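Tertiary structure, described
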Amino acid sequence: MEAEAALILWKRSEQYGPRNTTILSDGDASTYKRLSDEKPHGASVAIQKEECINHIGKRLGTALRKAVSEWRTRGCKLGGRGRGTLKAMTIAKLQKYYQKAILDNRGNLLAMKSAIYATLFHSISTDEKPQHGNCPVGTESWCFYQRAVAQGKQPGPHKDNVGTPLKEAVLAKMMPAYQRLASNTLLERRVDLAVDLAVCKFNAGCTKTVLSLQEAAGLPAGDKTVALGVRQGRVVKAKLRATKSSSTTVRRSNLPNDEF
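Note that the structure is predicted; figures quoted are calculated from it, not measured.

Focus on the overall build of the protein chain
Check the secondary structure of the protein chain and you find 11 helices and 2 strands. Tracing the protein chain from N to C terminus, the helices and strands come up as α-β-α-β-α-α-α-α-α-α-α-α-α. For the protein chain, buried positions account for 36% of its 260 residues. Counted over contacts in the protein chain with a minimum sequence separation of 6, partners at least 24 positions apart contribute 63%. As displayed, the protein chain has an accessible area near 15,500 Å², and 54% of this comes from carbon and sulfur atoms.

Brief notes about helix 1 (residues 2-16)
In a regular helix each residue adds 1.5 Å, so 15 residues correspond to 21 Å; helix 1 covers 21 Å between its end C-alpha atoms and thus fits that length. Every buried residue of helix 1 is accounted for by A3, A6, L7, W10 and S13. Relative to the axis of helix 1, the buried residues are bounded by an arc of 120 degrees and lie together on one face. What points out from helix 1, more than 90 degrees from its buried face, is the exposed set L9, Q15 and Y16.

Considerations on the packing of helix 4 (residues 88-104) against helix 5 (residues 109-124)
At their nearest, the axes of helix 4 and helix 5 sit 8 Å apart, and the two run at 155 degrees to each other. With respect to helix 5, the element helix 4 is oriented roughly antiparallel. Both helix 4 and helix 5 take part in a crossing whose hand is right-handed. Touching L94, Y97, Y98, A101 and I102 of helix 4 are M112, A115, I116, T119 and S123, all from helix 5. For the contact of helix 4 with helix 5, a count of residues per class yields 8 nonpolar, 2 polar and no charged.

Some details on the packing of helix 5 against helix 8 (residues 168-181)
Taken N-terminus to C-terminus, the directions of helix 5 and helix 8 make an angle of 170 degrees; their axes are 11 Å apart at the nearest point. With respect to helix 8, the element helix 5 is oriented roughly antiparallel. The handedness of the crossing between helix 5 and helix 8 is right-handed. Contact residues: helix 5 offers I116, Y117, L120, F121 and I124, while helix 8 offers E168, L171, M174, M175, Y178 and Q179.

Brief notes about the side chain of Q95
Along the chain, Q95 turns up in helix 4. With residues up to four places along the chain from it excluded, the contact list for Q95 reads G57, K58, L60, G61 and R65.

Some details on the packing of aromatic side chains
Given two aromatic rings, one states the distance between the centres and the angle between the planes to describe the pair. Scanning the entire structure with this criterion turns up 3 aromatic pairs. Taking 6.4 Å as the distance between ring centres and 40 degrees as the angle between the ring planes, the aromatic pair formed by Y117 and F121 counts as tilted. Residue Y117 and its partner F121 are both found in helix 5; the two are separated by 4 residues, about one turn of the helix. By relative accessible area, which is 16% here, Y117 ends up buried. According to the relative accessible area criterion, F121 is partly exposed, its value standing at 22%. Here Y117 and Y178 contribute two aromatic rings whose centre-to-centre distance is 6.5 Å and whose plane-to-plane angle is 40 degrees, an arrangement assigned as tilted. On the criterion of sequence distance, the pair formed by Y117 in helix 5 and Y178 in helix 8 is long-range, its members being 61 residues apart. Positioned above the aromatic ring of W71 is the side chain of R74, whose terminal nitrogen or guanidinium carbon lies 4.4 Å from the ring centre. Sitting above the plane of the W71 ring, K173 keeps its charged end 4.8 Å from the centroid.

Here's the deal with the nonpolar core
Formed by 29 residues in total, the largest nonpolar core has its most connected members in L64, L86, I116, M174 and Y178. Where this core is concerned, the elements lending two or more residues are helix 3 (53-73), helix 4, helix 5, helix 8 and helix 9 (184-204). Sort the elements by how many residues they give to this core and helix 8 lands first, with 7 residues. Ignoring any residue separated from it by four or fewer positions in sequence, one finds M174 in contact with L64, L86, L94, L120 and L166. W10, I23, L35 and I47 belong to the second largest nonpolar core, which has 6 residues in total.

With respect to the side chain of S141
You can see S141 is positioned in the loop between helix 5 and helix 6 (144-150). For S141, a relative accessible area of 0% translates into the label buried. Of the polar contacts made by the side chain of S141, one reaches the backbone oxygen of P136; its length is 2.5 Å.

Cut-offs and rules
Residues numbered from 1 in each chain as written. Predicted model: local features only at pLDDT ≥ 70, side-chain atom pairs only at ≥ 80, totals over all residues. Heavy atoms only, no water. Helix = DSSP H or I, 4+ residues; strand = E, 2+ residues; numbered from the N terminus. Buried < 20%, exposed > 50% of the residue type's maximum accessible area, 1.4 Å probe, protein only. Contact = heavy atoms within 4.5 Å. Areas by Shrake-Rupley, 256 points an atom, 1.4 Å probe, with all protein chains shown as cover. Expected span 1.5 Å × (residues − 1). Arc of directions from axis to C-beta. Axes fitted to C-alpha atoms, helices over the stretch in contact; angles between N-to-C directions. Parallel < 35°, antiparallel > 145°, perpendicular 65-115°, else oblique. Left-handed = near helix turned anticlockwise from the far one by under 90°. Nonpolar A, V, L, I, M, F, W, Y, C, P; charged D, E, K, R; others polar. Phe/Tyr/Trp six-rings, centres within 6.5 Å; stacked < 30°, edge-to-face > 60°. Lys NZ or Arg CZ within 6 Å of the ring centre and 35° of its normal. Core = buried A, V, L, I, M, F, W, Y, C linked by side-chain atoms within 4.5 Å. Polar contact = N/O pair within 3.5 Å; in protein donor to acceptor, adjacent residues only side chain to side chain.

What follows is the structure, encoded as structure tokens:
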């Protein structure tokens, strides 16, 4: 039903404009495949697919839960109540940190990938084998290990400071999900979109960008639209002031309330 409805709408856009060429979806390939096969704008116009960040984050959680289930059928227990297992609470936190890594590094593919893997390797670190090479450095880092190093102190025990501990044996069974959802192909779509919006907002301002996007889509811009542009502008200015007033690249106020 969704694929059929999408095809009708896209054919109408060919008639009335503006022409739709990009679909924002939750990862379900059926609608995208139907549009690509039908080619409502002709063979020369390729249909592009963008991913919704919220659904991408949910896909990581789904993939990890699926891994737990599949390995259980093979007689290998990844989940459970013990320390270092891939329990439900740990999966929920990893999903949240994955989303945050993408949002905090919009426009920078390498930084995005590094931040994603930082949360994973931080979680399997131990006193005997710390793995904090991807964690942000400095006295304001969310990583207790890097924070202590920057302060010239001895890092505390991992058992007391890692909130999402994972056994290293679990890593190999989780890695396929991370490799798939941290691939360049998927993350580049987030980077491209972020860069486009950043350029528009820098050149024209947040309010004008929002209004122009509405106008290009053939949608009337009301008071709510104007208010959205103004609010985004205030957020950008606030972040700029915060950046100028800080000598570090990582601000603790931008991190989740709980540590990794």
